[in-house]
Amino acid sequence: MPATSHSAVTDHLVIIGNGMAGHRLVEALAGKPGRPAHITVIGDEPEPAYNRILLSPLLAGEMAREALTLHDGDWYAEQGIELILGERVTDIDRAARRLTTDAGRTLDYDRLVLATGSRPARPPVPGLELPGVEVFRDLRDAEALMRFGQHRADEGGNAVVIGGGLLGLEAAEGLRKRGQGGLRVSLLQRDDRLMNRQLDLIAARLLENALRGRGLDIHTDARLERLEPDDQGRVCAALLTDGTRLPADCVVVAIGILPKVSLARAAGLEVNRGIVVDAWLTTSDPAIHALGECCEFEGQTFGLVEPIWRQVEVLAAHLAGETVAGYVDTPCATKLKVSGVALYAFGPTEPEAGHEVLAYHDPQQGDYRRLLLKDGRLEGAVLYGDTAAGPWYFEQALAGRDLSAGRAALLLGAADARVRLDAAADTATDSPHSPAKEAA
Ligand SMILES: Cc1cc2nc3c(=O)[nH]c(=O)nc-3n(C[C@H](O)[C@H](O)[C@H](O)COP(=O)(O)OP(=O)(O)OC[C@H]3O[C@@H](n4cnc5c(N)ncnc54)[C@H](O)[C@@H]3O)c2cc1C
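Draft legend 1. Looking closely at the site of the ligand. Neighbouring the ligand are 31 residues; D44, E45, R137, E293 and K337 lie closest to it. Between A115 and the ligand, the recorded distance is 3.4 Å, taken from a backbone N or O atom to an oxygen atom. One nitrogen or oxygen atom from the main chain of V305 is found 2.8 Å from an oxygen atom belonging to the ligand. Here the ligand loses 92% of its free accessible area of 990 Å² to cover by the protein chains. Elements represented by at least two residues in the shell around the ligand include exactly α1 (20-30), β2 (38-43), α2 (55-59) and α8 (305-319). When the residues that make up the shell around the ligand are grouped by side-chain class, the tally is 14 nonpolar, 8 polar and 9 charged. Residues lining the shell around the ligand come from more than one domain, with at least three contributed by each of domain 1 (12-119 + 258-319) and domain 2 (133-255).

Draft legend 2. Quick look at empty space enclosed by the protein. Summed over all chains, the structure comprises 1 cavity of 30 Å³ or more. As a volume, the largest cavity reaches approximately 50 Å³. Looking at which element gives the most residues to the lining of the largest cavity, the answer is helix α5 (residues 166-178), with 4 residues. Per-class residue counts for the lining of the largest cavity are 2 nonpolar, 3 polar and 6 charged.

Draft legend 3. Up close: the sheet that holds strand β7 (residues 111-114). Strand order in the open sheet formed by 5 strands is β3-β2-β1-β7-β19, with parallel pairing between adjacent strands. Among the strands making up the open sheet, the edge pair consists of β3 (81-85) and β19 (288-290). Going from strand to strand, the sheet's axes swing by 15° on average, the running direction of each strand aside. With 5 bridges joining them, β2 and β3 adopt parallel strand pairing. In the sheet register, G43 faces β3, and the bridge partner there is L85.

Draft legend 4. Broad picture of the sheet that holds strand β11 (residues 183-188). Ordered in space as β9-β16-β10-β11-β12, the 5 strands form an open sheet in which the pairing is parallel. Of all strands in the sheet, those bounded by a partner on one side alone are β9 (133-135) and β12 (217-219). Averaged over all neighbouring strand pairs, the angle between strand axes comes to 20°, with direction disregarded. Bridging between strand β10 (residues 157-162) and β11 involves 6 bridges; their strand directions are parallel. In the strand pairing of β11, V161 is matched with L187. Along the sheet, α5 contacts β10, β11 and β16 (250-253); its crossing angle with β11, the most-contacted strand, is approximately 170°.

About the thresholds
Residue numbers run consecutively from 1 along every chain, following the written order of its sequence. Only residues with pLDDT of at least 70 are given local features in this predicted model, and only at 80 or more are side-chain atom pairs given and counted; all residues enter the totals for whole chains, interfaces and linings. Computation of side-chain values covers all heavy atoms of the structure but excludes hydrogens and water. Near residues are defined by distance, with any heavy atom within 4 Å of the molecule or strand qualifying the residue. Each polar contact in these results corresponds to two N or O atoms within 3.5 Å; when the atoms are within protein, one needs to be able to donate a hydrogen and the other to accept it, and residues that are neighboring in sequence are counted only if both atoms are side-chain atoms. Accessible surface is estimated by sampling points in the Shrake-Rupley manner with a 1.4 Å probe; for residues, cover comes only from the protein chains shown. Labels follow the DSSP assignment, with helices taken as runs of H or I lasting at least four residues and strands as runs of E lasting at least two, numbered in each case from the N terminus. Residue classes follow a fixed rule: Ala, Val, Leu, Ile, Met, Phe, Trp, Tyr, Cys and Pro count as nonpolar, while Asp, Glu, Lys and Arg count as charged, and any other residue, Gly among them, counts as polar. Where each domain starts and ends comes from a domain assignment, either automatic or drawn from a database. Both cavities and pockets are sets of points on a 1 Å grid over the protein atoms alone; in a cavity a 1.4 Å probe fits but cannot get out, in a pocket the set is open with protein on both sides within 12 Å along at least five of seven lines, and lining residues sit with an atom within 4 Å of a point. Grid points are joined across faces, edges and corners, and a volume is the space filled by probe spheres set on the points. Note on pairing: DSSP must find at least two bridges between two strands before they are called paired. Angular values range over 0 to 180 degrees, each being the angle between N-to-C directions of two axes fitted as lines to C-alpha atoms, with helices fitted over their stretch in contact. The contact rule is simple, with two residues in contact once any of their heavy atoms fall within 4.5 Å.

None of this, on its own, says anything about what the molecule does.
Following this line, the structure appears as structure tokens:
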């Protein structure tokens, strides 16, 4: 299609963003008989969608680039879906239902989906614009960090990662592994602990000690004052407010994400932190939907794929004309993709009013489990070391199951707890006053 052409079809769905959400939506729609007749996907990255989650193992050298590919361009063609890559949508004219890309292409749509994801947040400190300051969001970021790590494996050097959440930890550990001991990696965390949104202090300290043992230089309660340039204007150091000066040939900023909303805002859609959507992922314009990290539902924005997959199911069904229940936000569990470190967490990090705490800690083995229960129901868990029971705990929490009968065995893991709960259920069924007996 010539860059300036514009199509005029009657049932045309256009999806902006060929990332995790946009791609998954196409996959879901492809199998539906009621799908829109004409689907176009426009993504500004040069390659078809890849598994962004796997950028961390790619950086760490644990996975090959090819393993990240989700589907190649041929797959889209086979599904009768037009895929436009390397072009950014710069304008949406809602009155004309027409959008424009940075290549000058215009496209008419009947339905539009915004799946524009998010961008890395940046702390307001001087020096962030210096060459050598990187982020960790897409394939090009990962490749730049891989090149840096490989180069420094031979020459030696220093990297500083800002942010001790999931992404910062995965970036730091990936760089450390790439650097093969030739690169010193420091990690700055503002809070008093790593992963402060997911972990309590004990689990965070276990994690910190394990990563320190591998050679990561971790600074908690760290306040960055500025980044300093060398004579050539490249970043060369990170200065903290307590006077600490960390040499840095590369700085990776991983302090969080901000939904990409500028396109939606300029088009006059309702935007708070993210693009506001209802339970069917519809924006303030009934012809436009949004999903994934760019959207906001009931005040929540998103940063993990699990809720996004559920949004995809709802929106795909809706776009295919099926009757579908609206999206409901439910809690998510967290895992860290650092090989050799097992942790699993969900729910509040600290006990709240009415919470009972059950905990098991074996400092020698580096094993820790802490459960938060309210009225016998599980509301939060932090597991470090042996995390096998994590998904079972999460299931029980989502189901709101009363676990009082299995309480004594709860910390022993799923199998033991299940035996106790089943035995308690059997006893209740055998009782002459049990509902089962009365019904019989
Ligand atoms: C390194 C890394 C590791 C992660 N690990 C995990 C994990 O272990 N578990 C987990 O659940 N989540 C993880 N995540 C988060 C997960 O990748 C995101 O939640 C997910 O990618 C969000 O999907 P999305 O489609 O909303 O955004 P994205 O995947 O970012 O896709 C948005 C796409 O839209 C494109 N775009 C934006 N604006 C325009 C425009 N105007 N025109 C055209 N195209 C545009 C973007 O370039 C991008 O390709 C990780 C993220 C990163 C970066």
